[in-house]
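What the coordinates show
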Amino acid sequence: MLDADGSRRTGFLTVPFFVVCVFYFLVFAAGYQLFPVVPLRLRELGANLAESGRFQTAFMLGSGFGALFTGPLGDRLGPRRVLRVASLAVVGILVVYALLKVRWVFYLLAPLHGLLWSALRTASVAKVGGILPLEHRAQGLSIFGLTGPGGVAVGPLVGLWLMPHLGFTWMLVLLAGVFALLYALIGALPREATREIEGPVFQWPDRSVWGGVAVMGLVGLSFRPMTPYSAQEAKALGMAWPAAFLTCFALGMMAMRGLLALTGMGRRPVALMPGMAALTAVGYAMLAFLPGGLARHLSSGLVYGAGYGMVHTLMLTHLMETTPPQRRGAATGAFFFAFDAATALGSLGLGWVMQHGGFRWGWAIGAGLMTLSIPVAHRVVGRRPTLASGPDPSVILEA
């Protein structure tokens with residue numbers, strides 16, 4: 001297609017772009033198939049309710065610490081190479097999961113799997129940012145940003161359906177085959193030149209980002225029990241749709257992002273953050289205190305997802321506004337570390353509460369933790385950006 005002056009217009013709906021979108025969607029779909037299913041498998045192998053959440057704890061600790069290193073590593077090696085190596089390694093881990101008959105090996109492999117998950121996330125974001133032409137980057141990234149929530153919506157449905165039909169072993173073999181195909185598919189992406197970057201792989205971020213890190217830590221503490229325990233509560237209540245909360249959670253995220261994409265977020269989007277944190281807390285409180293089963297999961301999932309998705313998005317946007325370009329890798333790593341490490345602790349601590357006091361007590365404490373993030377978000381909003389350049393459009397925000 002040609003512009004008015006006769007020059008060729010660069011599009012963004014290219015084959016490499018679609019490849020990365022499909023890859024990122026499947027990374028989240030596969031992850032969210034495992035998160036509710038592995039605890040059920042651990043229960044089959046003799047774990048109690050509290051212990052069944054420890055896989056998620058170990059996984060997210062690996063992902064959190066890995067985020068401090070995998071982003072800068074991708075800058076040095078190139079995201080294509082990181083995606084291929086990580087996807088091939090995931091194939092091996094999924095095959096091992098399929099063959100396991102003892103619980104402790106799941107906990108041993110989970111941190112390594114989490115590290116690879118971190119590499120897949122950061123390298124996918126970097127790769128799609130490099131593929132998109134500058135004039136279409138914002139538009140392309142808005143489409144790419146729906147792939148993660150889309151995977152979250154589909155994953156639990158597929159995983160909880162496949163588990164009784166195929167069994168855990170064959171379900172994991174199927175997932176391993178998917179990642180083997182993705183490994184080959186990533187090979188078709190354009191190669192990048194390896195860049196020489198000065199400084200250590202690990203760098204502490206500037207103090208200006210710690211307010212945002214604190215918000216995401218509180219969000220993470222409250223969020224992680226949702227994936228291993230919402231389906232277990234649904235099964236305990238005899239609900240016909242165990243993935244109802246997680247599916248509606250993803251739909252709520254996508255709906256709110258789509259709505260704000262149409263209506264706009266104003267000149268300073270971060271100003272919406274306290275309101276979105278409050279909406280997230282309301283959704284959590286609905287899960288804790290509303291009566292019933294399926295209707296409670298459906299409604300609370302939609303409200304919680306609508307708020308949660310935008311807290312995540314707005315916080316990363318603010319991080320890009322307040323961090324110098326040469327320090328954004330370290331800042332992003334600290335952001336993901338805080339969220340992932342906190343989700344690991346939340347799964348462990350609130351799982352213990354649910355084991356001893358019931359699901360509702362765990363949800364109630366999670367709602368309280370989410371409420372604590374609201375005044376911290378107000379404090380972050382009150383700090384004006386120090387950079388005149390505004391947010392970096394090359395950063396896309398995930399689920």
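This is a predicted model, so every value here is computed, not measured. (Residues numbered from 1 in each chain as written. Predicted model: local features only at pLDDT ≥ 70, side-chain atom pairs only at ≥ 80, totals over all residues. Heavy atoms only, no water.)

On to the overall build of the protein chain. A tally of regular secondary structure across the protein chain gives 14 helices and zero strands. Across the 399 residues in the protein chain, those meeting the buried criterion constitute 56%. Across the protein chain, contacts joining residues at least 24 apart in sequence account for 86% of those joining residues at least 6 apart. Taken as a whole, the protein chain presents about 16300 Å² of accessible surface, with 69% of it coming from carbon and sulfur. (Helix = DSSP H or I, 4+ residues; strand = E, 2+ residues; numbered from the N terminus. Buried < 20%, exposed > 50% of the residue type's maximum accessible area, 1.4 Å probe, protein only. Contact = heavy atoms within 4.5 Å. Areas by Shrake-Rupley, 256 points an atom, 1.4 Å probe, with all protein chains shown as cover.)

All right, on to the nonpolar core then. Membership of the largest hydrophobic core comes to 104 residues, with the highest contact counts inside it found for Phe55, Leu94, Tyr97, Phe179, Val215, Met273 and Trp363. The biggest single contributor to this core is helix H1 (residues 15-44), with 16 residues. When neighbours within four sequence positions are excluded, leucine 94 is seen to be in contact with Leu34, His113, Leu172, Leu175, Ala176 and Phe179. (Core = buried A, V, L, I, M, F, W, Y, C linked by side-chain atoms within 4.5 Å.)

So, on to the side chain of threonine 247. Along the chain, threonine 247 falls in helix H10 (residues 244-263). Look at threonine 247 and you get buried, because its relative accessible area is 7%. Among residues more than four places away in sequence, those in contact with threonine 247 are Ala153, Leu157 and Trp241.

Helix H14 (residues 359-382) packs onto helix H11 (residues 273-289) with a crossing angle of 170 degrees between their chain directions and a minimal axis gap of 8 Å. Classified by the interaxial angle, the pair formed by H11 and H14 is roughly antiparallel. Its residues assigned to classes, the contact of H11 with H14 shows 18 nonpolar, five polar and one charged. (Axes fitted to C-alpha atoms, helices over the stretch in contact; angles between N-to-C directions. Parallel < 35°, antiparallel > 145°, perpendicular 65-115°, else oblique. Nonpolar A, V, L, I, M, F, W, Y, C, P; charged D, E, K, R; others polar.)

The share of residues in the protein chain with pLDDT of 70 or more is 77%, and the mean pLDDT across the chain is 76. Across residues 387-399 the pLDDT falls below 50, and counting only partners more than four positions away or on other chains, this stretch makes 44 contacts in the model. (pLDDT = per-residue confidence, 0-100.)

Attention now moves to a nonpolar patch on the surface. On the surface, Leu166, Trp170, Val173 and Leu174 cluster together into a nonpolar patch covering about 390 Å² of accessible area. On the secondary structure map, leucine 166 appears in helix H7 (residues 147-186). Using a relative accessible area of 40% as the deciding quantity, one classes leucine 166 as partly exposed. (Patch = residues over 30% accessible without salt bridge, like charges linked within 9 Å, V, L, I, M, F, W, Y side chains within 5 Å. Salt bridge = Lys/Arg side-chain N within 4 Å of Asp/Glu carboxyl O.)

Turning our eyes to something else, we now look at the packing of H1 against H7. Interhelical geometry of H1 versus H7 gives an angle of 145 degrees and a closest axis separation of 7 Å. In this structure, H1 meets H7 at a crossing whose hand is left-handed. Of the residues contributing to the contact of H1 with H7, the split by class is 32 nonpolar, seven polar and two charged. (Left-handed = near helix turned anticlockwise from the far one by under 90°.)

Relative to the helices and strands, serine 87 is located in helix H4 (residues 79-99). Note on serine 87: relative accessible area 0%, which makes it buried. With 96 residues separating them in the primary sequence, serine 87 and tyrosine 183 have C-alpha atoms 5.7 Å apart. If sequence neighbours within four positions are ignored, serine 87 has contacts with Phe23, Leu120, Phe179 and Tyr183. Side-chain polar atoms of serine 87 contact the backbone oxygen of leucine 83, separated by 2.8 Å. (Polar contact = N/O pair within 3.5 Å; in protein donor to acceptor, adjacent residues only side chain to side chain.)

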